[in-house]
Amino acid sequence: MTAGPIDAHAHIVPDSLIAATRARGEALGVTYAPPPAGGAPALLFADGTRLRPFFAKLAEPEAERMASMAATGLARQVLSAWTDMLGFGLAPAQAVAWHRAMNEAFADLCRRNPGRFSFLATGALQDPQAAAAELRRAVREDGAVGAAAPANFAGVNIGELELDPWWAAVEETGRPVLVHPVDLAPGPRVRRWGLAQVASYTFDTTLAAASLIHMGVLDRFPGLRVFLPHGGGAFVWLSGRLDCMAGRVPAELRGAAQRPPSRYLDRFLFDSILHDPALLRILVGLVGAERVMLGTDDGFPPADRDPLGTLRAAGLPEAQTAAIAAGNARAAFGLWGANARHADDLPPARHL
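For clarity, every value in this text was computed on a predicted model and none was experimentally measured. (Residues numbered from 1 in each chain as written. Predicted model: local features only at pLDDT ≥ 70, side-chain atom pairs only at ≥ 80, totals over all residues. Heavy atoms only, no water.)

## Thoughts on unusual backbone geometry
Excluding glycine, most residues fall at negative phi; most peptide bonds, likewise, are trans. Phi is positive for H275, close to 60°, though the residue is something other than glycine. As for its position among the elements, H275 is in the loop between β11 (268-271) and α9 (277-287). The partly exposed category is assigned to H275, whose relative accessible area is 47%. Not every positive phi belongs to a glycine, and D297 is a case in point at roughly 65°. Here D297 shows up in the loop between β12 (292-293) and α10 (307-313). (Helix = DSSP H or I, 4+ residues; strand = E, 2+ residues; numbered from the N terminus. Buried < 20%, exposed > 50% of the residue type's maximum accessible area, 1.4 Å probe, protein only.)

Structural data, given as structure tokens:
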């Protein structure tokens, strides 16, 4: 085990995954689009989806990533795939092959750099049974420390999809699932000033959290723990409004939740990526320090480039700072090995 701060939210595109698209792209339904002169490479999916070209930091060599981690004071990153890459339009068989290729590429990266990287497995949600089988395999064979999923799948909130076989597999692992926003085609109102990243992504997270509550997913799977990035989007800040409307919408429009939305805060984990120490301190006060993990969003422009500086500037007690910097991620993702605490050991959140 590598001691030191853990970045619970980071992304990379492993070199071996790019190699897989070059070698067997037709079977995967994903082909590599070489970079134009002076440009960056991209991926082309069988359904016609062409992803934005990779940011250089997203596809950087692992040695460069570890150097930047060291410069920032980070000992380990918990990596997940770029959510745009999850193959929403692929046929189920191709999607299954693609997610296996992604998980194996991340596993290879982690094995070659023990103690520096861990990863969250993805699955082909087009086929929930296959996605469940792949998650169990990735945890058992590849060492995945949790799962990752999109906040919406082809425009449908994740909580509204029929994914119970997959939710059951996530619950079995005892590890969190990172529910990450995605917006393949930002609308005209958010195409400028970085508003897709500022607003669309954070509200995608909020809608996902609300859908998991209202559709009864968290009630059907009481051991499920959900990791919301970017400080939870607007979920915490709107929980009072969610409570208000849960009691005022017509009966036929009410969901299956057994409690008001704010009473599910203790089912969520959050990261520190708020880009403001004062807001981070407020988040900790609302949900409890034990539910917040250090994060950077490394690989993308909105990354917190000094996460430990942001954390220290929040002025939290030393024990809370230490927990957010490393202890909470060790507990959530089992990075203490045999001594890991189960997520159920976390104390209740402070309800609003």
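The rest of the description comes next.
## Considerations on the packing of aromatic side chains
Scanning the model with the defined rule gives 9 aromatic pairs in all. Judged by centre distance (5.9 Å) and plane angle (65°), the rings of F54 and W82 are edge-to-face. Of this pair, F54 sits in the loop between β3 (42-45) and α2 (62-72) while W82 sits in the loop between β4 (76-80) and α3 (92-112), and the two are 28 residues apart along the sequence. Summarising the burial analysis for this pair, F54 and W82 share the class buried. (Phe/Tyr/Trp six-rings, centres within 6.5 Å; stacked < 30°, edge-to-face > 60°.)

## Points about the side chain of S211
Examined against the element boundaries, S211 turns out to sit in helix α6 (residues 195-214). Beyond its immediate chain neighbours, meaning those up to four positions away, S211 contacts N157, I158, G159 and E160. (Contact = heavy atoms within 4.5 Å.)

## As for the packing of α3 against helix α4 (residues 128-142)
Following both chains from N to C, one finds α3 and α4 inclined at 15°, their axes separated by 11 Å at the closest point. Here α4 runs roughly parallel to α3, going by the angle between their axes. In this structure, the crossing between α3 and α4 has a hand that is right-handed. Contact with α3, carried on its side by V96, H99, R100, N103, E104, A107 and R111, involves A130, E134, R137, A138, E141 and D142 of α4 and no other residues of that element. Its residues placed into classes, the contact of α3 with α4 shows 4 nonpolar, 2 polar and 7 charged. (Axes fitted to C-alpha atoms, helices over the stretch in contact; angles between N-to-C directions. Parallel < 35°, antiparallel > 145°, perpendicular 65-115°, else oblique. Left-handed = near helix turned anticlockwise from the far one by under 90°. Nonpolar A, V, L, I, M, F, W, Y, C, P; charged D, E, K, R; others polar.)

## Quick word on the pattern of salt bridges
Counted under the stated rule, the structure contains 15 salt bridges. For E60, the salt bridge goes to R65, with nearest N and O atoms at 2.4 Å. Where E172 meets R136, a salt bridge forms, and the shortest distance between an N and an O atom there is 2.8 Å. Of this pair, E172 sits in helix α5 (residues 164-173) while R136 sits in helix α4, placing them 36 residues apart in sequence. Given the relative accessible area of 54%, E172 is considered exposed. In this structure R136 comes out as partly exposed when scored by relative accessible area, which is 32%. (Salt bridge = Lys/Arg side-chain N within 4 Å of Asp/Glu carboxyl O.)

## Notes on the sheet that holds β12
Spatial ordering of the open sheet is given by β6-β9-β10-β11-β12, a layout of 5 strands whose pairing is parallel. The sheet is open, and its two edges are formed by β6 (147-150) and β12, each paired on a single side. Along the sheet, α5 contacts β6 and β9 (177-180); its crossing angle with β6, the most-contacted strand, is approximately 150°. (Pairing = 2+ DSSP bridges.)

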